[in-house]
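Structural overview for review
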Amino acid sequence: MGSANKVLNTFPEAFPKRIAICADDFGMATGIDEAILELSRLGRLSAVSCLTSGPALRHHSAALAQLPVDIGLHLNFTESLAADQYHLPLARLLAACYTRRLPPLLVASAIGAQFDAFEAIFGRPPAFIDGHQHVHQLPVIRELLLESIGRRYPGQVIWLRSTQTARNSTVALADRLKARLIARLGARPMRRLTTAVGLPMNRHLLGVYRFSASCEQYRTLLQAWFADAGSGDLLMCHPALSASDGDPIGGQRMREFAVLSDKQFPTWIEANGLTVSRLLSV
């Protein structure tokens, strides 16, 4: 990690640099929701992404709505969270998207159903949209998603998540490669399409890693992402207070929470010339 002065020299832009920090998977489980609510109260988050079919969402949506964070839709096509929800395992979904064999009517219906559910729960459109396992940027899904946004929310400013990678010079090669692979699945065409319809996106996505790290390793990763961050970037995270049955990254979620709730967090932010801001401000 470099010093704050080194960061200043690396990023010759106005300080503080505004970044968004978004926690994903709200609604999936009580332990996840409780962690996200706590981090939101501590000011560690500026955005929360919700799974509308998540079994815990309705229990905690009112508490989330009271907090000063942007609330968005975590578009889902890979998790089986509702009996009637269209979904596929990620590998099959990728194959269907890139061979253009994904059924457009089913996809459009699933997108509309998730928008309907979000509005029914929160009483308003989502402030932003991203994707569980980044499915929002995949072929077929991305085009139908943008069509749905234009039809349902004409003239409204709704953010979409870009997976474009940042510099990440101090992050391990395997983690950088994972971030680049995710970006190659759709970052450039997604940016092109959203620009054409006038919808904003974050500049870069931070927070991609292999979901395998000790608390100390995740702390090092987090500080590396902060060092790489510039205004307009978004850092995603997946915290939880407890692991849920069947969650393959349950233990890692708990380690993320331990680091994100660390009392030194504000010091790390300040040392890198950052401020955590809501999406419209980044």
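In the block above lies the structure referred to throughout.
Note that the coordinates shown come from a computational prediction; the quantities given were computed from them, not determined experimentally. (Residues numbered from 1 in each chain as written. Predicted model: local features only at pLDDT ≥ 70, side-chain atom pairs only at ≥ 80, totals over all residues. Heavy atoms only, no water.)

**A short note on the nonpolar core**
For soluble globular proteins, the rule of thumb is that nonpolar side chains tend to be buried together. In this structure, Ile141, Ile149, Tyr218, Leu222 and Phe226 are the most contacted members of the largest nonpolar core, which totals 72 residues. For this core, the element with the most residues is helix H5 (residues 104-122), which contributes seven residues. Among the nonpolar cores identified, the runner-up in size contains twelve residues, and Ala20, Trp159, Ile182 and Leu279 belong to it. (Core = buried A, V, L, I, M, F, W, Y, C linked by side-chain atoms within 4.5 Å. Buried < 20%, exposed > 50% of the residue type's maximum accessible area, 1.4 Å probe, protein only. Helix = DSSP H or I, 4+ residues; strand = E, 2+ residues; numbered from the N terminus.)

**Looking at helix H3 (residues 57-65)**
By the burial criterion, the buried members of H3 are Leu57, His60, Ser61 and Leu64. Down the axis, H3 shows its buried residues gathered within 130° of arc, on one side only. When the buried face of H3 is taken as reference, the exposed residues oriented beyond 90 degrees from it are Arg58, His59 and Ala62. For H3, the secondary structure elements touched by its buried residues are strand S1 (17-26), helix H2 (30-41), strand S2 (47-50), strand S3 (70-75) and H5. (Arc of directions from axis to C-beta. Contact = heavy atoms within 4.5 Å.)

**Quick word on the packing of helix H9 (residues 215-228) against helix H10 (residues 250-260)**
Packed helices, taken two at a time, are described by their axes: the angle between them and the distance between them. One can describe the packing of H9 onto H10 by two numbers: an axis separation of 9 Å at closest approach and a directional angle of 60°. The angle between the axes of H9 and H10 places the two elements in the oblique class. Handedness of the H9/H10 crossing: right-handed. Contacts from Cys215, Tyr218, Arg219 and Leu222 of H9 reach H10 at Gln252, Arg255, Glu256, Ala258, Val259 and Leu260. (Axes fitted to C-alpha atoms, helices over the stretch in contact; angles between N-to-C directions. Parallel < 35°, antiparallel > 145°, perpendicular 65-115°, else oblique. Left-handed = near helix turned anticlockwise from the far one by under 90°.)

**Examining helix H8 (residues 187-196)**
Owing to its 3.6 residues per turn, the α-helix brings residues three or four apart onto one side. Looking at H8, one finds that the buried residues are Ala187, Met190 and Thr194. Down the axis of H8, the sector holding all buried residues measures 65°, keeping them to one side. Exposed side chains of H8 directed beyond 90 degrees from the buried face belong to Arg188, Arg192, Thr195 and Ala196. For H8, the secondary structure elements touched by its buried residues are helix H6 (141-152), strand S5 (159-160) and helix H7 (173-184). Where H8 terminates, the next one or two residues include Gly198, which has phi positive at roughly 75°.

**Some points on the pattern of salt bridges**
Following the criterion strictly, the structure yields 14 salt bridges and no others. Arg142 is the salt-bridge partner of Glu143, the closest N and O atoms lying 3.3 Å from each other. Given a relative accessible area of 24%, Glu143 falls into the partly exposed group. (Salt bridge = Lys/Arg side-chain N within 4 Å of Asp/Glu carboxyl O.)

**Focus: the packing of aromatic side chains**
Applying the stated criterion across every chain, the model contains nine aromatic pairs. With 4.8 Å between their ring centres and 40° between their planes, Phe118 and Phe122 make a pair best called tilted. Here Phe118 and its partner Phe122 are both found in helix H5, four residues apart, which amounts to about one turn of the helix. The pair formed by Phe118 and Phe122 is uniform in burial state, with each residue classed as buried. Judged by centre distance (5.4 Å) and plane angle (45°), the rings of Tyr209 and Tyr218 are tilted. (Phe/Tyr/Trp six-rings, centres within 6.5 Å; stacked < 30°, edge-to-face > 60°.)

**Quick notes on the environment of Arg210**
With respect to the element layout, Arg210 can be found in the loop between strand S6 (205-206) and H9. As for Arg210 and Ala95, which are separated by 115 residues in sequence, their C-alpha atoms are 22 Å apart. Discounting residues that sit within four places of it in the chain, Arg210 has contacts with Ala172, Ala174, Asp175 and Lys178. A distance of 2.9 Å separates a polar atom in the side chain of Arg210 from a polar atom in the side chain of Asp175. (Polar contact = N/O pair within 3.5 Å; in protein donor to acceptor, adjacent residues only side chain to side chain.)

**Digging into the environment of Thr194**
Following the sequence through the fold, Thr194 ends up in helix H8. For the pair Thr194 and Leu146, spaced 48 residues apart in the sequence, the C-alpha separation amounts to 7.6 Å. The residues touching Thr194, leaving out its near neighbours within four places in the chain, are Leu146, Leu160, Leu199 and Met201.

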